[in-house]
Structure formats: structure tokens, C-alpha cells
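So the chains spell out like this:
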Amino acid sequence: MRLRFAPSPTGFLHIGNARTAIINNLLSQKHNASLVLRIEDTDMERSSKESEDSIMKDLSWLGIQWTEGPDCGGDYGPYRQSERFDIYKEYTEKLLSEGKAYYCYCSAEETEQMRKEAQASGRNETYNGNCRNLTSEQKTRLEQEGRKPTIRFHVNPDKDISFNDTIKGSVSFNSSNIGGDFIIVRSDGIPVYNYIVVIDDALMKISHVIRGEDHLSNTPKQLLISQALGFDTPEYAHLPLVMGEDKKKLSKRHGITSVNLYREEGYLPEALVNYISMLGWASDDEEEILPISEIIKQFELTKIGASSAVFDFKKLRWMNGNYIRSTEGAKLLKLMYPFLSKEYDLKSYSDGWLIAVITFLTPYCELLSDINTQISHFLSDDIVYTDEIKELLLSEDGWKIVETTKELFDSKLTSDNFYSDYINLVKEKTGAKGKNLFMPCRSIMTGSIHGPDLAETMKLYDFGKCKIRANTAYNLKQV
RNA sequence: GUCCCCGUCGUUUAGUGGUCUAGGACACCGGGUUUUCAUCUCGGCAACAGGGGUUCGAACCCCCUCGGGGAUGCCA
């Protein structure tokens, strides 16, 4: 079994393509098969090396392990289509000499016109076969006009083209319905995707082509070329497309779609891979959160449903939060560190303390980046009270608690008992209880009316910081 | 327009002729835990697109309709 993932480097790795890559990877891991990474960069205008690099970076981040590719080489290289033009040329000569392809001198404008006419009359031949039988005199005359020819593949009409798709089942087209003779080499001499994909898959000995459903209607053309060139055809599996909420092909307006942004927002690759690979099927026991090893074990192409799936950003977040909460302290710190260090200077804190704090805050984080807002009051002695909090603390009952807090930290409380006794002592002295007790106390200490367990928070703060907070609140009336 | 693919709760899925008054998860709503919030936990809401067949029996098989998507590029 040999598999491939063939992105075109025209932008960041998109969720939809990531899914194709993930599924190819799952299968390659499961069956110990080779996974070829092939860069389809024949669109010279839109392709870039930066895109290629970022795609490879994102694939690696997702844990995808290709065994052959432009970076690591392999027996069937080169792995960039732009480096394979000589190979394609041979096959083009062959098709030309066998009369299976021909030069077409129609201009882009002329073919555009034909297309419109065909569509208006409900016909499916978008090219009318104008140049199919040109004499050599006609050809030289057209060339003298300065026309640069394209090369078209000759499609015989009314032939049945059927194949069995692993996901879709049997699919059939009629050759009269695929648009007529299609271009395989552009007028600038660069061959076209639909043509060379066949050559590459054959030469690279790809046994299973697993790709997005948007390629389903390209398949008959590719099958025709494959036959014309005498290749064995691979097994095909067309993955249903990933949709946005409105059931349109997932795109930017639905939410973030490039994988690099998921990384930057603080998603764990494991969560993203888990979510994406469960789109379209369910595990045997309908468990949703599964380690990759288990997914590899259970996954099969035939389990994937034939219908498209809507990408649920909320469920992904939930799953990500789940992964965060089940990550061990030291590993968690490693993951959160890049986010934290972007906003905070962490030099003065010990790893042990940081781990204790982030572990404590983990129920509040769905994304790794959420830690930044959660942790702010732990990393600074200064505190800024919002107007809402000020109002609470300056109210008659609130102020009593502020004064009591100040007193307690000046006299009774010590570094041994401050976090465990604080609340009870305030209660004793002021008679406040319930939320009238807790909200002001929490507000004084954390600057927020909600949050994790106060005693534990104060313990993590330490006595000094709590005392500072007590003073800051007390100074509210001084200023 | 034409061709191809698809159609179970809002979403994602289980379900392959009787065990389905259709199960799980997310979301949503409510209870409990937490003197807060989050987490956790318990419960609730909620679907076989419609119509014809086939069959003793259909979510499952067939046909039609409707709906959705993709393709229709000298993009991939």
C-alpha cells in the first residue's frame, strides 16, 4: 500500500486539506504504508516556497509523518511537480504521436465563448472540437498568426466511465458529459493538474488515492488519461467535504480555517487531530475522545460516511479543553509557556509554583491561550479594581470587610494561617455571610467576583501578596 | 443550465428488514456539588426530508419528488 498527500502550495494548510492529510496518515500508520508528500506547484503564479514551508510545518505539528517528500527524498522523486516537467513531456509526446491528444489553437476568449454557448443550449461539450482535425497547413497558418497552442486530450463520446469508490460506492459518468476534449498542456507549455496527477500517481506507484470529494468529478478525466497511457488505476476514495454552519464548503467566513491559526490560538494538535479524524464516523463504543493510537487501531475508510459534515467549532473547543485538563503538570507548562512568556516575564517564578498555578486554573481553559487572562492576578502584585468592584468595596457592607481585611493582615493573620483562617475571621468580625461575605473578600484579593477556590488561590499568592491586596483595597478611600 | 455525489435530533454520529415508543457526544435547558464561577455529576429537550412501492414487517431495499453540496478553468 502506498498513499499520498498532494497539496498545492498556494496558502496556508486549510482544515479541509488537513483532514485529507490526517486520514492518509491514519491509514499509513495503520498499515505501515508509505506516505508520499507531493507538492503540486504547477500554478506558478500562486505557488510559493513560503506556503510549501508553512504547510510542511503544519503537517508536522499535526503529527503527520510522510515517508517520501521534497525534504526527505525517496525512490520516486522529485516530489515537486515543477521539477518533473521533463517526465511529463515524454508522455505528452506519446499521446500526441498516438493521436490521443492534439494541438488546439483556439484562444482563451474563443473557448470562453464556446463554453457560454454550450451552457446556454444545455449541452455538456464545453469545447466544440474545432482543432481536432487540423491539417498541417492550417496549423502553420495559425502559428504564423502568432497563436500559441494548448494541447487537448481527445475524449471519445458516449463511453461509460465507471469506477468503484471506497467511500461513495460505484460511481459512473458518461464521457459525453465531462466537457469534451480538455486541455492537458497550457499554451505556455506547463501541463495541467488533471493530467499530471495521473502520471505522478502511476509513477510513484500510489495504490490508494484518498482525497477530497471536490475531485470526484475530475476522476473520469483522470481515468481516461490513465487508460490512454496504459497505467494501472489506483483505488479511489473521495472524502466528503467539510462544511461550515451554512453547509457551504468551509471557508474563512465560518471561523478560522488555517491550521497555523489553531496552533496560535492554543489548540493542541492531539485535540485537533482527534476531532477531525472523528468527523464522518464513530468509534466502536461511540467514545469521542480517543488517543491517536486507538484511532489508528479502529479507523477504516469504509467506516466513513458518504455525506458531508459540518465543522463544529464549539465541539472542538470542548474537546481541546478536555485535552488540556488531562495534561500532566510539567507537560502542561511546556505547552502553555510560549503563550505565557509572550505576555509575562516568568523569570522570577519557579516551575513548581507555575505548574501548581496553571494546574489549578485548568478548568478555566479551553484554549492554551486562555491561561493568560486567568493567570494575570497571580503574576502581579498590583491590582486594578474595575468600577463594578470599586462600587462593591466602597458600599457600606463592602467597606466593613475591606477594613476588617486590612486589620487582620496587620495583626492576626500570619503566613501560616492566612489562607485558611481569613474568611472565617472576616465572618466572625463583620457578621457577613453567604455571597455578601465571599464576593467582597474575593474581590479584594483577586479583583474579580468569580473565580476558583479562594483559600487555594491565596495560598498560591502567598502572605505578602495578600497583604498588598488588602492594603490596595484599603487605599481605595485614601486616593 | 448540465453532470456527479449526498439526505437519522440544531451539529456530529449509532443503526445494514423485526431487539427502534431510534442510542451516544457537543450545543441548549433544568437539578446536584461548589456559600461564587468553572470543572465534575445527574436529568430533560430534540431526528429517520416527503411520497409511492417491495415485504407479514422498513430508518435500513427499489422508484419518484424535494432539499443540500460539488463539478462544469489555459486553478489544484
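Everything below is about the structure printed above this text.
Reading the values: the criteria
Residues numbered from 1 in each chain as written. Chains lettered and ligands numbered in written order. Predicted model: local features only at pLDDT ≥ 70, side-chain atom pairs only at ≥ 80, totals over all residues. Heavy atoms only, no water. 1 Å grid on protein atoms, 1.4 Å probe; cavity = no way out; pocket = protein on both sides within 12 Å on 5 of 7 lines; lining within 4 Å. Points joined across faces, edges and corners; volume = space filled by probe spheres on them. Helix = DSSP H or I, 4+ residues; strand = E, 2+ residues; numbered from the N terminus. Nonpolar A, V, L, I, M, F, W, Y, C, P; charged D, E, K, R; others polar. Expected span 1.5 Å × (residues − 1). Bend = angle between axes of the 7 residues up to and from the residue. Buried < 20%, exposed > 50% of the residue type's maximum accessible area, 1.4 Å probe, protein only. Contact = heavy atoms within 4.5 Å. Near = heavy atom within 4 Å. Polar contact = N/O pair within 3.5 Å; in protein donor to acceptor, adjacent residues only side chain to side chain.

**Description of the layout of surface pockets**
Part 1: The calculated volume of the largest pocket comes to roughly 1,100 Å³.
Part 2: Lining the largest pocket are 39 residues, and of these S8, T10, N17, D214 and H215 sit closest to its centre.
Part 3: Within the residue set of the lining of the largest pocket, elements represented by two or more residues are β1 (2-5), α1 (15-31), α6 (193-203) and β8 (208-212).
Part 4: Top element by residues in the lining of the largest pocket is α1. It accounts for four residues.
Part 5: Looking at side-chain class alone, the lining of the largest pocket contains 15 nonpolar, 14 polar and ten charged residues.
Part 6: By volume, the second largest pocket is sized at about 420 Å³.
Part 7: Forming the boundary of the second largest pocket are 20 residues, of which T111, R115, R152, F182 and I183 lie nearest the centre.
Part 8: The set of elements that each furnish at least two residues to the lining of the second largest pocket consists of α4 (108-120), β4 (150-153) and β7 (182-185).
Part 9: Ranked by residues supplied to the lining of the second largest pocket, first place goes to α4 with three residues.
Part 10: In terms of residue class, the lining of the second largest pocket is built from seven nonpolar, seven polar and six charged.

**Looking at unusual backbone geometry**
Part 1: Omega for the bond connecting G77 with P78 falls within 30 degrees of zero, at -5°, which places this linkage in the cis form.
Part 2: Assignment of secondary structure puts P78 in the loop between α2 (49-61) and α3 (85-97).
Part 3: Even without glycine at this site, N32 takes up a positive phi of about 55°.
Part 4: With respect to the helices and strands, N32 occurs in the loop between α1 and β2 (34-37).
Part 5: A positive phi angle, near 55°, is found at D158, a position not held by glycine.
Part 6: Following the sequence through the fold, D158 ends up in the loop between β4 and β5 (160-165).

**Focus on helix α12 (residues 329-343)**
Part 1: Given a rise of 1.5 Å per residue, 15 residues ought to cover 21 Å, and the 20 Å separating the end C-alpha atoms of α12 matches this to within 8%.
Part 2: Within α12, the axis deviates most sharply at Y337, by approximately 45°, and proline P338 lies no more than four positions further along.
Part 3: Among all positions of α12, only G329, L332, L333, M336, F339 and L340 are buried.
Part 4: Buried positions along α12 lie against α8 (259-265), α11 (313-325), α13 (351-361) and α14 (370-379).

**Here we look at the protein's contact with RNA strand B**
Part 1: In the region of RNA strand B, 63 residues are neighbours, and N124, R186, K248, E286 and Y364 sit closest.
Part 2: In RNA strand B, atoms within 4 Å of the protein come from the sugar-phosphate backbone in 71% of cases.
Part 3: Within the contact set of RNA strand B, a sugar or linking oxygen lies 3.2 Å away from a side-chain nitrogen or oxygen of S217.
Part 4: A distance of 2.7 Å separates a sugar or linking oxygen of RNA strand B from a polar atom in the side chain of H450.
Part 5: Elements represented by at least two residues in the surface near RNA strand B include exactly α4, β6 (169-174), β11 (309-310), α11 and α18 (435-446).
Part 6: For the surface near RNA strand B, a count of residues per class yields 23 nonpolar, 21 polar and 19 charged.

By themselves these figures say nothing about function.
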